[in-house]
Amino acid sequence: MSTDTAQSGTRETVGSGVGGPYLDAVATHTTAHASWLWAVALASLAADGALTVYGIRLGLTEVNPVAADLIASVGTLGALALLKGGALTVAVVGWVVMPEDYRGLVPAGLALPWVSASLMNVVAVGLAL
């Protein structure tokens, strides 16, 4: 992996100190599919949010203690807006400052936990019905 440095005109290598050949391979693969991963991340964000609201309305409880405290303080929709909005803000900033070759890791890092949370919410809501 390498990045161009705009000011020096030289090429800077991001080597094994960052993660080695495995991370390079994962970064290359995720960056090649970044648009698809952003779509998955945003769809799973919506699914997780909708299923969380629905589950709470069914009487289920939030298992994440940070989210549960925030829900108790500001309500379900406010808490989800703050948490998901905060995560998206960090992701966009990360996307901007991260070397281009590694940018695909950002939507992958959002999609993986949100898809997992959505699947767990589907199971929980399904069992509650």
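Residues numbered from 1 in each chain as written. Predicted model: local features only at pLDDT ≥ 70, side-chain atom pairs only at ≥ 80, totals over all residues. Heavy atoms only, no water.

A count of helical and extended segments in the protein gives five helices and two strands. For the protein, the succession of helices and strands along the chain, N to C, is β-β-α-α-α-α-α. Split into buried and exposed, the 129 residues of the protein put 29% on the buried side. Considering only intrachain contacts with a sequence separation of at least 6, the fraction spanning at least 24 residues in the protein is 66%. Put simply, the protein shows about 7900 Å² of open surface, and 68% of that area lies on carbon and sulfur atoms. (Helix = DSSP H or I, 4+ residues; strand = E, 2+ residues; numbered from the N terminus. Buried < 20%, exposed > 50% of the residue type's maximum accessible area, 1.4 Å probe, protein only. Contact = heavy atoms within 4.5 Å. Areas by Shrake-Rupley, 256 points an atom, 1.4 Å probe, with all protein chains shown as cover.)

Looking at where alanine 81 falls in the secondary structure, it is placed in helix 4 (residues 76-97). Under the relative-accessibility criterion, alanine 81 is labelled exposed at 53%. Spatially, the C-alpha atoms of alanine 81 and glycine 49 are 8.8 Å apart, while their sequence positions differ by 32 residues.

Moving on to the packing of aromatic side chains. What the rule picks out here adds up to one aromatic pair. Arranged with centres 5.6 Å apart and planes meeting at 70 degrees, the rings of tryptophan 38 and tryptophan 95 form a pair that is edge-to-face. Of this pair, tryptophan 38 sits in helix 2 (residues 34-57) while tryptophan 95 sits in helix 4; the two residues are 57 residues apart in sequence, bridging distant segments of the chain. Accessibility expressed as a relative area gives 19% for tryptophan 38, which makes it buried. Judged by its relative accessible area of 25%, tryptophan 95 falls in the partly exposed class. (Phe/Tyr/Trp six-rings, centres within 6.5 Å; stacked < 30°, edge-to-face > 60°.)

Turning to the pattern of salt bridges, a few remarks are in order. Under the defined criterion, the tally for this structure stands at one salt bridge. With a shortest N-O distance of 2.4 Å, aspartate 48 and lysine 84 are connected by a salt bridge. Of the two residues, aspartate 48 is situated in helix 2 and lysine 84 in helix 4; the sequence distance between them amounts to 36 residues. Since its relative accessible area comes to 6%, aspartate 48 is described here as buried. Its relative accessible area of 13% is what places lysine 84 among the buried residues. (Salt bridge = Lys/Arg side-chain N within 4 Å of Asp/Glu carboxyl O.)

Once that is clear, we can look at the environment of isoleucine 71. Mapped onto the secondary structure, isoleucine 71 falls in helix 3 (residues 65-74). Setting aside residues no more than four positions away along its own chain, isoleucine 71 makes contact with Ile56, Glu62, Thr76 and Ala79.

Let's shift gears to the nonpolar core. For soluble globular proteins, the rule of thumb is that nonpolar side chains tend to be buried together. Formed by Trp38, Ala41, Leu45, Ala91, Val106, Leu110, Ala111 and Trp114, the largest nonpolar core amounts to eight residues. Where this core is concerned, the elements lending two or more residues are helix 2 and helix 5 (105-128). For tryptophan 38, the contacting residues outside a window of four places in its chain are Ala91, Trp95, Val106, Pro107 and Leu110. (Core = buried A, V, L, I, M, F, W, Y, C linked by side-chain atoms within 4.5 Å.)

A few words now on the packing of helix 2 against helix 5. With their axes 7 Å apart at the nearest point, helix 2 and helix 5 run at an angle of 30 degrees to one another. In this structure, helix 2 meets helix 5 at a crossing whose hand is left-handed. Across the contact of helix 2 with helix 5, the residue classes tally to 19 nonpolar, five polar and one charged. (Axes fitted to C-alpha atoms, helices over the stretch in contact; angles between N-to-C directions. Left-handed = near helix turned anticlockwise from the far one by under 90°. Nonpolar A, V, L, I, M, F, W, Y, C, P; charged D, E, K, R; others polar.)

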